[in-house]
Amino acid sequence: GESVGLHLPTLSVQEGDNSIINCAYSNSASDYFIWYKQESGKGPQFIIDIRSNMDKRQGQRVTVLLNKTVKHLSLQIAATQPGDSAVYFCAEMGMDSSYKLIFGSGTRLLVRP
Amino acid sequence: GAVVSQHPSWVICKSGTSVKIECRSLDFQATTMFWYRQFPKQSLMLMATSNEGSKATYEQGVEKDKFLINHASLTLSTLTVTSAHPEDSSFYICSARDKGFIPGELFFGEGSRLTVL
């Protein structure tokens with residue numbers, strides 16, 4: 001099966017600070033990107049998405065940045081809260097007939113009170 | 001939002017037995033469902049794409065005879081782990097795409113944790 005990365009790096013931030021989580025994606029032909037949040041023992045939860053024709057998209061307290069030149073995505077979380085503690089995955093999708101979603105390696109976010 | 005339900009949420013079985021996991025789209029029709037496997041502290045790994053009314057498409061390295069996928073209706077896909085062994089212990093997660101999909105509109109189940117003794 002396809003997989004990108006086998007380890008989960010950890011980002012520890014103070015409550016109230018901004019968090020930046022980075023992701024390198026693998027396929028330059030990918031056209032659609034999504035950030036997911038996963039809490040322990042649960043399925044992924046959609047956070048925000050961005051298409052390849054954009055370089056920035058903002059949601060509520062979250063911003064996704066896309067740099068296609070270096071195949072890099074980032075998720076910025078403003079005013080990080082304890083409830084933001086989770087594992088965050090980026091995922092990429094190509095616009096071929098399968099529309100498969102392939103997940104990146106993930107980052108564990110720990111929010112210190 | 002759309003809901004995808006998985007059952008069972010957890011299961012313990014003896015080595016050599018087979019286990020079936022169900023994935024249901026509760027309020028939409030899903031022509032395509034995806035099955036993922038996730039080991040502890042790792043990412044989700046795509047196992048196969050399940051298409052309603054046709055054979056599943058397996059990712060490289062995934063044994064189709066071991067992981068049987070059936071997508072007999074627009075709201076149900078099943079994953080059967082045949083002759084399970086301890087190394088098959090994992091968190092299995094399905095996702096479903098709405099029939100009238102917008103690319104990327106995937107909804108995930110809550111996962112099924114399989115422990116093989």
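Conventions and cut-offs
- Residues numbered from 1 in each chain as written.
- Chains lettered and ligands numbered in written order.
- Predicted model: local features only at pLDDT ≥ 70, side-chain atom pairs only at ≥ 80, totals over all residues.
- Heavy atoms only, no water.
- pLDDT = per-residue confidence, 0-100.
- Helix = DSSP H or I, 4+ residues; strand = E, 2+ residues; numbered from the N terminus.
- Core = buried A, V, L, I, M, F, W, Y, C linked by side-chain atoms within 4.5 Å.
- Buried < 20%, exposed > 50% of the residue type's maximum accessible area, 1.4 Å probe, protein only.
- Contact = heavy atoms within 4.5 Å.
- Disulfide = S-S within 2.5 Å.

Which residues make up the confidence of the model for chain B, and what values go with them?
With 95% of its residues at a pLDDT of at least 70, chain B reaches an overall mean of 92. Within chain B, the lowest mean pLDDT, 90, falls on strand 10 (residues 106–108) of chain B, and the highest, 97, falls on strand 11 (residues 112–116) of chain B.

With reference to specific residues and values, describe the nonpolar core.
Core analysis: the largest hydrophobic core is formed by 25 residues, its most contacted members being V4, W35, F67, Y92 and L114 of chain B. Taken together, the elements giving at least two residues each to this core come down to strand 2 (10–13), strand 3 (19–25), strand 4 (30–38), strand 5 (44–51), strand 7 (67–73), strand 8 (76–81), strand 9 (90–98) and strand 11 of chain B. Residues contacting F67 of chain B, with those up to four places away along its chain left out, are R37, M47, Y58, V62, L79, T80, V81, D88 and Y92 of chain B. Of all hydrophobic cores here, the second largest spans 20 residues; its members include V87, F89 and A91 of chain A together with Y36 of chain B.

I'd love a proper account of the state of the cysteines, names of residues and values included.
Disulfides are covalent bonds that link the sulfur atoms of two cysteine residues. The final tally for this structure, using the stated rule, is 2 disulfides over all chains. Bridging C23 of chain A to C90 of chain A, the disulfide has an S-S length of 1.6 Å. With C23 of chain A in strand 2 (residues 19–24) and C90 of chain A in strand 8 (residues 86–94), this residue pair connects regions lying 67 residues apart in the sequence. Each member of the pair, C23 of chain A as well as C90 of chain A, carries the same accessibility label: buried. Linked covalently through their sulfurs, C23 of chain B and C94 of chain B form a disulfide whose S-S length is 1.9 Å. Measuring handedness by torsion sign, the sulfur bridge of C23 of chain B and C94 of chain B sits at about 80° and is right-handed. Of the two residues, C23 of chain B sits in strand 3 while C94 of chain B sits in strand 9, which places them 71 residues apart along the sequence. C23 of chain B gets classed as buried once you look at its relative accessible area, which sits at 0%. Between C13 of chain B, a cysteine without a disulfide, and C94 of chain B, which holds the nearest cysteine sulfur, the sulfur-to-sulfur distance is 19 Å.

Quick one: what's the story with the confidence of the model for chain A, residue by residue and with numbers?
Residues and elements named next belong to chain A. Chain-level statistics for chain A give a pLDDT mean of 90 and a share of 92% at 70 or above. Averaged pLDDT values over the elements of chain A bottom out at 91 in strand 9 (residues 101–103) and peak at 98 in strand 6 (residues 62–67). Counted against residues more than four places away or in other chains, residues 1–6, with its pLDDT under 50, gives 22 contacts.

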